[in-house]
Amino acid sequence: MTDAVNRPLLFLDIDGTLLPYGGAPVPTRGSDAHWQHEGNPQLARLDPSHGPRLLALPCDLVWATAWMHEANEVVGPRLGLPELPVAELPEDDDQPGTLHWKTRALVAAAAGRAFAWADDEIGDFDREWVESEHPEAALLLRVDPAVGLTDGDFAALGEWMAAHGTAAGPGAAPAAVDGGASAGA
């Protein structure tokens, strides 16, 4: 069994990842006060089977979402997840063609551990930056926001984690995975 210190992290986004948009208007960060609240009608789109599937992955789960601590109060219980750590994220500062607003904070939060990040907004620039700045293996899994996490995404996460269950060593490149594609290293 893999030592818990060497287990990879899985940074989890909510909007577009666990909570697919599927035709609903896409919220902008801070634009809709009720979006990150129990009264959000889109919460019915959460798939309760995702909780057990996430818990079965050989990793340490961490919220990486604009929901911040509300993720534990509103989303986690609906998925049957225990209270999870929350990555402290900066204010939204992404610019077209630049680094995503979460990327630097997640690399810092990983503190040198291998990690996977499931999000609907990951881009090539993020992958390049993580490859140059993070000494361990990283999987940046871009999820289709219309459908959220799929069986293919779970398979990619599981395969990658099986291959990176212990520290992979410096220089491991982040995998480029988009919505259900095969995972690589």
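Quick caveat: nothing in here was measured; it's all calculated off a predicted structure.

We now examine the pattern of salt bridges. Scanning the entire structure with this criterion turns up 6 salt bridges. In this structure, Arg7 engages Asp60 in a salt bridge whose closest nitrogen and oxygen atoms are separated by 3.0 Å. Of this pair, Arg7 sits in the segment before β1 (9-12) while Asp60 is found in strand β2 (residues 60-63), placing the two residues 53 residues apart along the sequence. Salt bridges sharing common partners tie together Arg7, Asp60 and Arg113.

Quick look at the packing of aromatic side chains now. The tally for this structure, following the rule as stated, stands at 1 aromatic pair. Consider the rings of Phe11 and Phe115, whose centres lie 5.5 Å apart with planes at 65°: the pair is edge-to-face. Pair noted here: Phe11 is in strand β1 and Phe115 is in strand β3 (residues 115-119), with a separation of 104 residues, a long-range link.

Turning to the confidence of the model for the protein chain, a few remarks are in order. Per-chain confidence: the protein chain averages 83 in pLDDT, with 73% of residues scoring 70 or above. Residue range residues 167-173 is modelled with pLDDT below 50. Its contacts to residues more than four positions away, or to other chains, number 16 contacts. Here residues 180-185 scores under 50 on pLDDT; set against residues more than four positions off or in separate chains, the count is 16 contacts.

The next point concerns the pairing of strand β4 (residues 138-142). Across the 5 residues of β4, 4 count as buried, placing the element largely inside the fold. Direction of pairing for β3 relative to β4: parallel, over a ladder of 5 bridges. Looking at the pairing, Ala118 lines up with Leu141 of β4. For the crossover that starts at β3, traverses helix α4 (residues 124-133) and ends in the parallel β4, the hand is right-handed.

What counts and how
Residues numbered from 1 in each chain as written. Predicted model: local features only at pLDDT ≥ 70, side-chain atom pairs only at ≥ 80, totals over all residues. Heavy atoms only, no water. Salt bridge = Lys/Arg side-chain N within 4 Å of Asp/Glu carboxyl O. Helix = DSSP H or I, 4+ residues; strand = E, 2+ residues; numbered from the N terminus. Phe/Tyr/Trp six-rings, centres within 6.5 Å; stacked < 30°, edge-to-face > 60°. pLDDT = per-residue confidence, 0-100. Contact = heavy atoms within 4.5 Å. Buried < 20%, exposed > 50% of the residue type's maximum accessible area, 1.4 Å probe, protein only. Pairing = 2+ DSSP bridges. Right-handed = clockwise from strand over helix to strand, strands pointing away.

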